[in-house]
Every structure is written in C-alpha cells, then in structure tokens.
Amino acid sequence: MQKLHHWIDGQAQPPRSGGWLEVFDPCTAQPHAQVARGDAEDVEAAVAAAARAFPAWSALRNSDRAAWLEKLAVALESRIDTFARAESLDGGKPFALARDVEIPRAVSNLRFFAHAATQFASESHHGEAGLNYTLRPPLGVVATISPWNLPLYLFTWKIAPALAAGNTVVAKPSEVTPLTATMLGELAAEIGFPNGVLNIVHGLGPEVGEPLVTHPQVRAVSFTGSTAVGKRIASLAAPALKKVSLELGGKNPSLVFADSDWRAQTDTLVRSAFQNSGQICLCGSRLLIERSIYADFRDALVERVRNLQIGDPMAEGTQLGPLVSQAHLDKVMACLQRAREEGGRFLYGGNRIDRAGWFVEPTVIEGLGPDCASNREEIFGPVVTLQAFDTEAQALALANASDYGLSASLWTRDLDRAHRLSAQLRAGIVWVNTWLMRDLRTPFGGVGSSGLGREGGAEAMRFFTEPKNVCLALLP
Ligand code: NAD
C-alpha cells in the first residue's frame, strides 16, 4: 500500500514515531494508502527546516519568488488529470469536478499569488506629519492548516500567498485527504524548489496541529476548518499573541424572490446546495423562497434533485459522490434523524444508499423553522431545507437567523432590492444571481461563527506580512 511521507527540508521523511494512519477511498470504504502519523518531533524538524530556509527565501527579489510559484503552477498544470484522479480517490469527489474546477483552481492560486508577489505595494502617507512609508516584511515561519473538503484548492490558497510574501511554510493538510498535498511536495522537490521553503507535516490535529500552532518560532497560523477547531486554535494562539486567520463553517442562505429568473437558475441553485455532496463551506444549505412561487419552485427543485447522477466518482457524468468518511457519514445521518425528530417533512432523500462506500441520498426537507438545530447548525452534507417568506423583511430576518455568516446568495431582478439586501445580509460574501463565482482579488471570509479575518488578494498578502511604519521628519 502506498505510504505518504512528510515533506521536510525537500525530502520525503517517515514519521519519527513510526506510526501510520489509514487513508480511505470513500467510494469503497476501503483503505488505499497510509499516511505518516506525525507528532511534535516532526513539527520541530519541519519548523527548524523552515527557519533555516527563511533568510535566503525572504531575501530573494519578489520576481524570483514569483518565478518559483509560476514554475510550480506550470508543473501542476501539466498533471491536472493525475492530481484530479488522486483528489477523487482520496475525497470521493467527482473526477470531473476535480479535473475541471478544483485542480485548475489550485493552479490559479499559485499563479495568482505569483503575480501578487510582483504587484503588492505598501503605503506611504504624506502631508500631515512628516513623510511616512510602510515596510511590509514577511513574518518568518508560518503555519497553514487545511481541511478535507477542497484539499489542494485550499492548501494552495494558503501556501501561495505565504510564500509569495517571503515566508517559509509548515503546512498541515487534513489527515483524511493527504494525497494531493504530498504529491505537490514531490512536485516542488522535482522542480528544484529550495529546500525547507515548503514543508508538509501529516497527522492528527491534536498531535501535529497543536504543536504547530503553539511552536514559538511559528509567527502566524492560517486555518480553514470547523468552528470548534477554529476556536481551539484561537485559544492556543492567544497567549503568544500570534496572528491567526480563521476560515470556519457556514450555514448559508439562498434567497429566491418571485421576480427572479428562478426557472432558468434552478440548476445553479441545485449545484449551490449539492456540489461536492454539500461538503463546501459556501453551499447554500437554507433555501428561502418567496411564498408566491414556493410550490412551483419546490416541485422543480425536487425534480432536479431526483435526476442527480449519484455514483462512482470516477464515472463520467457522476454529479454526486460519497461523503468523505465514516465519521462524517455518521454525523450527517444523525443530523437527518434530528431533522425528523424536529418535524421536518422529507420531500426527497434522507437515507443512506445501499451500496459500498459512504453514500447518502441528496435530501430536501421542508417544514422546519429558523430556530431548530437543522436550520442553525452546519450539516455539511447533501441536505437542503426550504422555508417560505412573504416579505423582504421576513426574508432578511430568516437569512440572518444564524450564528454563522459566511456567504449568502440573492436571486432577484430588482436591482434596488439586490443592493439593499446585500448591505444588510450578515455575511462576508454575497452573490447576486450567481453562486461560487470567484475573483481571487476579493476579500474572502466570514463573520460570527464563520471566522476571523479575510483571505484573498491583498488581504492575504497583508496577513502574511508585518507592517512597519517609518516616519521621517521633513527638516526645514
Ligand atoms: P476540522 O476543523 O476537523 O479540521 C481541519 C484541519 O484542522 C485538519 O487538518 C485537522 O487535522 C486540523 N485540526 C483538527 N483539530 C485540530 C487541533 N486541535 N489543532 C490544530 N489543528 C487541528 O475540519 P474538517 O472536518 O476537515 O473540514 C470541514 C469544516 O471546514 C467545515 O466546518 C467547513 O465549513 C469548514 N470549511 C471552511 C471553509 C472556509 O473557507 N470558511 C472552507 C472549507 C471548509
């Protein structure tokens, strides 16, 4: 069975403890690889390698660091199919989704931040008190911790700006889907990436993530994952006053108004609820529908959901694969049981699919109010609830009835309404008549339980640098 090693100082390294974890193919529920079960000693070695590499990497011209990232982007681009197959095997996502969207997006992340390295500029302030200019040096060694749902896409979304800004990185991918990060480490070594600049340590959160977060030489932590772990990381980083960026869960509303082109947009709305089996933090899991179109919309939606192609992620045409793990399947099934107990009416789905692998039917539920757990807590599966509203004010109140505040989508042809509601929705990201349309320059992140800080474009470059103001007296 394939063994996935750490990548430390440009080398594949076995876990110092000698322990390995099994990695499963969600489609068969069988192990397909073993991954290093890292610990604090491995973290120590990786941080030491990153610290050794920092002076030379940070001293490079921005354009030289950009050239390295571009080289990595080109190498990844030439292997999209291989990486997509691996991503699909590891996480159960449809191969086509990995090949057409997620791995190309990882390439774009590397390329975008290669450009950012040469475009990023710092501020100067003049005319009030002397001449001020701001330096933005890199922080040093930084940690990135990423989840299983978009493994390489989110891994690159973090390492690329960190490296572009001149930091060296110790990255911890999810132990559930470690394959493509390991392959990227191999690829970096293959193209001659300087040793120690990008280090990858595998393992469990408490055994690798926590020693990384608390390591005194790690200057900042960029984390994407669950709200519970985000809070834990914040509490571990606080005593050292460490910089943290936390991209956490979501319970995102989609507001569908009668004046929208909803018939033409139903496919996009279905995708927004069910893409990657609902395992995207940005999925619209609460559909809020104007009452005058509720029945027609519901019937059209259920019809589309009934026709979703569920099956082997590698098969052409598959739209929905399995959930990522046995643990996650158990969680989603418990949420479905809770929805039944709360009085939800299941319009479609609600059951595990009787086949090998962790498959759950796409599920549509109505009859649940805004206060029940099903509409408040993140399920992160192929489950959407429907609620009707009569007025714009009601729609807004339902949309904002959540501790989370990551994204919202708004479906209307009324431009005034679109602007009015966009300003009032409690979310870091609002889409109008679209979903998951991304310009990588825009601020990305959430409010409330969805996190702290923003990623993307200049926000990420600012996070990974330390502003230092220099003030010169202008002598007469
Ligand atoms: P998770 O929080 O369980 O794990 C995320 C990462 O943190 C993994 O690498 C894990 O090993 C590590 N980790 C776990 N415990 C840790 C600890 N005590 N200290 C340090 N690291 C620790 O999340 P998950 O189940 O992998 O991912 C799903 C969650 O991620 C969902 O809640 C989803 O909404 C969220 N997510 C958010 C975004 C966003 O951009 N806001 C994007 C994708 C996923």
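All values reported here derive from a predicted model rather than from experimental measurement. (Residues numbered from 1 in each chain as written. Predicted model: local features only at pLDDT ≥ 70, side-chain atom pairs only at ≥ 80, totals over all residues. Heavy atoms only, no water.)

Asker: Is there a simple way to explain the site of the ligand in this structure?
Answerer: Taken together, 29 residues are adjacent to the ligand, and Glu175, Glu210, Ser226, Leu248 and Glu378 come closest. Between an oxygen atom of the ligand and a side-chain N or O atom of Lys172, the distance comes to 2.9 Å. Within the backbone of Leu248, an N or O atom sits 2.7 Å from a nitrogen atom of the ligand. Within the complex, the protein chains bury 90% of what would otherwise be the 860 Å² of accessible surface of the ligand. One can see that the ligand is located within the largest pocket. Elements with a contribution of two residues or more to the shell around the ligand: helix H7 (205-214), strand E11 (218-224) and helix H8 (227-237). (Near = heavy atom within 4 Å. Polar contact = N/O pair within 3.5 Å; in protein donor to acceptor, adjacent residues only side chain to side chain. Areas by Shrake-Rupley, 256 points an atom, 1.4 Å probe, with all protein chains shown as cover. 1 Å grid on protein atoms, 1.4 Å probe; cavity = no way out; pocket = protein on both sides within 12 Å on 5 of 7 lines; lining within 4 Å. Sits in = over half its atoms within 2 Å of the grid points. Helix = DSSP H or I, 4+ residues; strand = E, 2+ residues; numbered from the N terminus.)

Asker: Help me understand the pattern of salt bridges in this model?
Answerer: One side chain can pair with another of opposite charge once the charged atoms of both are near each other. Evaluation of the coordinates by the stated rule reveals 28 salt bridges. For the salt bridge of Arg413 with Asp261, the shortest nitrogen-to-oxygen distance reads 3.2 Å. In this pair, Arg413 is assigned in the loop between strand E19 (407-411) and helix H14 (415-424) and Asp261 in the loop between strand E13 (252-256) and helix H9 (262-274), connecting sequence segments 152 residues apart. A relative accessible area of 60% means that Arg413 is categorised as exposed. As a salt-bridge pair, Glu377 and Arg338 come within 3.0 Å of each other at their nearest N and O atoms. You can see Glu377 sitting in the loop between helix H12 (373-376) and strand E17 (383-389) and its partner Arg338 sitting in helix H11 (residues 326-341), a full 39 residues away along the chain. Of the residues examined, Glu377 reaches a relative accessible area of 41% and is grouped as partly exposed. Look at Arg338 and you get partly exposed, because its relative accessible area is 21%. (Salt bridge = Lys/Arg side-chain N within 4 Å of Asp/Glu carboxyl O. Buried < 20%, exposed > 50% of the residue type's maximum accessible area, 1.4 Å probe, protein only.)

Asker: Would you mind going over the nonpolar core with me for this structure?
Answerer: Within soluble globular proteins, side chains that are nonpolar tend to cluster in buried spots. Ranked by size, the top nonpolar core spans 95 residues in total, and within it Leu76, Leu184, Val256, Phe274, Leu282 and Leu287 carry the most contacts. In this structure Leu287 touches Ser254, Val256, Leu269, Phe297, Leu301, Val384, Thr385, Leu386 and Gln387, once residues within four positions along its chain are discounted. Counting residues in each nonpolar core, the second largest holds 24 residues, with Val43, Val208, Val244 and Leu248 among its members. (Core = buried A, V, L, I, M, F, W, Y, C linked by side-chain atoms within 4.5 Å. Contact = heavy atoms within 4.5 Å.)

Asker: Looking at this structure, how should I read the UniProt feature "active site" (unreviewed entry) in the chain?
Answerer: Sequence positions flagged by UniProt for "active site" (unreviewed entry) are, in local numbering, Glu247. Exposure remark for Glu247: the relative accessible area of 3% places this residue in the buried category. Sequence-distant contacts of Glu247, defined by excluding residues within four places in its chain, comprise Phe223, Thr224, Gly225, Phe444, Gly445, Gly446, Ser450, Gly453, Arg454 and Glu455. (UniProt positions renumbered as here; feature names shortened; annotations may be inferred.)

Asker: What's the story with the pairing of strand E9 (residues 168-172) in this structure? I'm lost.
Answerer: Side-chain positions along a regular strand alternate between the two faces of the sheet. For E9, a buried count of 5 out of 5 residues is recorded, marking the element as mostly surrounded by other parts of the structure. What you see with E9 is no split at all: Thr168, Val170 and Lys172 on one side and Val169 and Ala171 on the other are buried throughout. Relative to E9, strand E8 (residues 141-145) is paired through 5 bridges, and the arrangement is parallel. If you follow Ala143 over to E9, its bridge partner there is Val170. With helix H5 (residues 151-164) bridging E8 and its parallel neighbour E9, the resulting β-α-β unit is right-handed. (Pairing = 2+ DSSP bridges. Right-handed = clockwise from strand over helix to strand, strands pointing away.)

Asker: Please clarify how the packing of aromatic side chains should be interpreted in this entry.
Answerer: Each aromatic ring pair is characterised by the separation of its centres together with the angle its planes make. Scanning all chains against the criterion turns up 10 aromatic pairs. With a centroid separation of 6.0 Å and an interplanar angle of 65°, the aromatic rings of Phe24 and Trp358 are classed as edge-to-face. Of the two residues, Phe24 sits in strand E4 (residues 20-25) while Trp358 sits in the loop between strand E15 (345-348) and strand E16 (363-366), which places them 334 residues apart along the sequence. For Trp358, a relative accessible area of 5% gives the class buried. With centroids separated by 5.8 Å and ring planes inclined at 35°, the aromatic side chains of Trp57 and Phe193 adopt a geometry described as tilted. You can see Trp57 sitting in helix H1 (residues 40-59) and its partner Phe193 sitting in the loop between helix H6 (179-190) and strand E10 (198-200), a full 136 residues away along the chain. Note on accessibility: Trp57 and Phe193 belong to one class, buried. Connected via pairs of aromatic rings, a cluster forms that spans Phe112, Phe113, Trp157 and Phe444. (Phe/Tyr/Trp six-rings, centres within 6.5 Å; stacked < 30°, edge-to-face > 60°.)

Asker: What should I look at first to understand the sheet that holds E19 in this one?
Answerer: Where strands meet in a sheet, backbone hydrogen bonds hold them as pairs that are either parallel or antiparallel. If you trace the 7 strands from one edge of the open sheet to the other, you get E15-E16-E17-E14-E13-E19-E20, paired in mixed fashion. Of all the strands in the sheet, the pair left with one neighbour each is E15 and strand E20 (429-432). For this sheet, the mean inter-axis angle between neighbouring strands, taken without regard to orientation, is 25°. Summarising the sheet, strand E14 (residues 284-290) and E17 pair through 5 bridges and their orientation is parallel. Residue Leu287 lies in a different strand from E17, and its bridge partner there is Leu386. In this fold helix H10 (residues 291-306) packs onto E13, E14, E15, E16 and E17, with an angle of close to 140° to the strand it touches most, E14. (Axes fitted to C-alpha atoms, helices over the stretch in contact; angles between N-to-C directions.)

Asker: Would you mind going over the state of the cysteines with me for this structure?
Answerer: Such a bond, covalent and formed between the sulfur atoms of two cysteines, is termed a disulfide. Tallying each qualifying case throughout the model produces 0 disulfides. Summary of cysteine pairing: Cys335 is not part of a disulfide, and the nearest cysteine sulfur, belonging to Cys372, is at 11 Å. (Disulfide = S-S within 2.5 Å.)

Asker: How do you make sense of unusual backbone geometry when you look at a structure like this?
Answerer: Trans peptide bonds make up the majority, and among non-glycine residues the majority have a negative phi. At Asn433, a position not held by glycine, the phi torsion is positive, near 60°. Here Asn433 is to be found in the loop between E20 and strand E21 (447-448). Asn433 gets classed as partly exposed once you look at its relative accessible area, which sits at 32%. In this structure, Leu436 is a non-glycine residue whose phi angle is positive, near 60°.

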